[in-house]
Amino acid sequence: KCIMSSSGQFGIGTTSPTAALDVSGDVTIDGGGLTIEDTGEYLTFTDGNASIRRNSNDMQFMAYSGFIFSNNPGESFRIDNSGNLQMASGKNITSVQNITATGNISSSVTSTGSFGKVMATMNDGQGGPGFTFHGDPDTGMFSTEANGLGLATNGTQALSFNSSQTAVFAGDLY
């Protein structure tokens, strides 16, 4: 069932179209494609919780609750609405070239294999070390100075090495 409104809107499966083309029901494109001609235009869902937009040479994918990337037979990874990357349980990561993060990178699984290098570009000092343990953010390793290394426990520097490789202990040696 089709209708053309007096304002020039064409409806398929609806008697009251609200756009230039308003389709109520499934649409199949066979042997062709869907083209959005102008930059800055959106492909949106009526609830407003997700959209795709092309802006110049960039693609913007927006989703209220995050993105889920799946393969057969299930979920591979997701990016939640806070920007956290979550790997699916039981998947093996064989190669990660570069991960750049402004916030924290954490893991709750046992990793094996060779991962190249891990580098922290920020130094929060002994109270918030750059390398920490999940659930224990004030215990870990941090840079004390250029070419220096520090280890902290409970937010306090416990051991440090300076550029001359001199070790300084903060507590007692047993």
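Refer to the structure above for everything that follows.
About the criteria used
Residues numbered from 1 in each chain as written. Predicted model: local features only at pLDDT ≥ 70, side-chain atom pairs only at ≥ 80, totals over all residues. Heavy atoms only, no water. Helix = DSSP H or I, 4+ residues; strand = E, 2+ residues; numbered from the N terminus. Buried < 20%, exposed > 50% of the residue type's maximum accessible area, 1.4 Å probe, protein only. Contact = heavy atoms within 4.5 Å. Areas by Shrake-Rupley, 256 points an atom, 1.4 Å probe, with all protein chains shown as cover. Pairing = 2+ DSSP bridges. Axes fitted to C-alpha atoms, helices over the stretch in contact; angles between N-to-C directions. 1 Å grid on protein atoms, 1.4 Å probe; cavity = no way out; pocket = protein on both sides within 12 Å on 5 of 7 lines; lining within 4 Å. Points joined across faces, edges and corners; volume = space filled by probe spheres on them. Nonpolar A, V, L, I, M, F, W, Y, C, P; charged D, E, K, R; others polar. Lys, Arg positive; Asp, Glu negative; His and termini not counted. Salt bridge = Lys/Arg side-chain N within 4 Å of Asp/Glu carboxyl O. Polar contact = N/O pair within 3.5 Å; in protein donor to acceptor, adjacent residues only side chain to side chain.

Moving on, we come to the overall build of the chain. For the chain, the count of helices and strands is zero helices and 14 strands. Counting across all 174 residues of the chain, residues that qualify as buried make up 12%. The contacts of the chain with a sequence gap of at least 6 include a subset with a gap of at least 24, amounting to 4%. Summed over its atoms, the accessible surface of the chain is roughly 14100 Å², and 50% of this surface lies on carbon and sulfur atoms.

If you trace the three strands from one edge of the open sheet to the other, you get E4-E5-E6, paired in antiparallel fashion. Each of the sheet's edge strands pairs with one partner strand only, and the pair in question is strand E4 (42-44) and strand E6 (58-63). The average undirected angle you get between the axes of adjacent strands in this sheet is 10 degrees.

This part is about the environment of Gly48. For Gly48, the position within the fold is in the loop between E4 and strand E5 (50-55). Among the residues examined, Gly48 registers a relative accessible area of 59% and is labelled exposed. Between the alpha carbons of Gly48 and Tyr64 there is a distance of 8.3 Å; along the sequence they are 16 residues apart.

Here we take up the layout of surface pockets. The volume enclosed by the second largest pocket comes to roughly 330 Å³. If you trace the second largest pocket, you find it lined by Thr18, Ala19, Leu21, Asp22, Val23, Val27, Ile29 and Leu34. Partitioning the lining of the second largest pocket into residue classes produces six nonpolar, one polar and one charged.

The next point concerns the side chain of Asp22. When you line up the elements, Asp22 lands in strand E3 (residues 21-23). It turns out Asp22 is buried and unbridged, and the closest side chain with the opposite charge, Lys1, is 13 Å from it. Among the polar contacts made by the side chain of Asp22, one reaches the main-chain amide nitrogen of Thr18 at a distance of 2.9 Å. Not counting the four nearest positions on each side in its chain, Asp22 is found in contact with Phe10, Gly11, Ile12, Thr14, Ser16 and Pro17.

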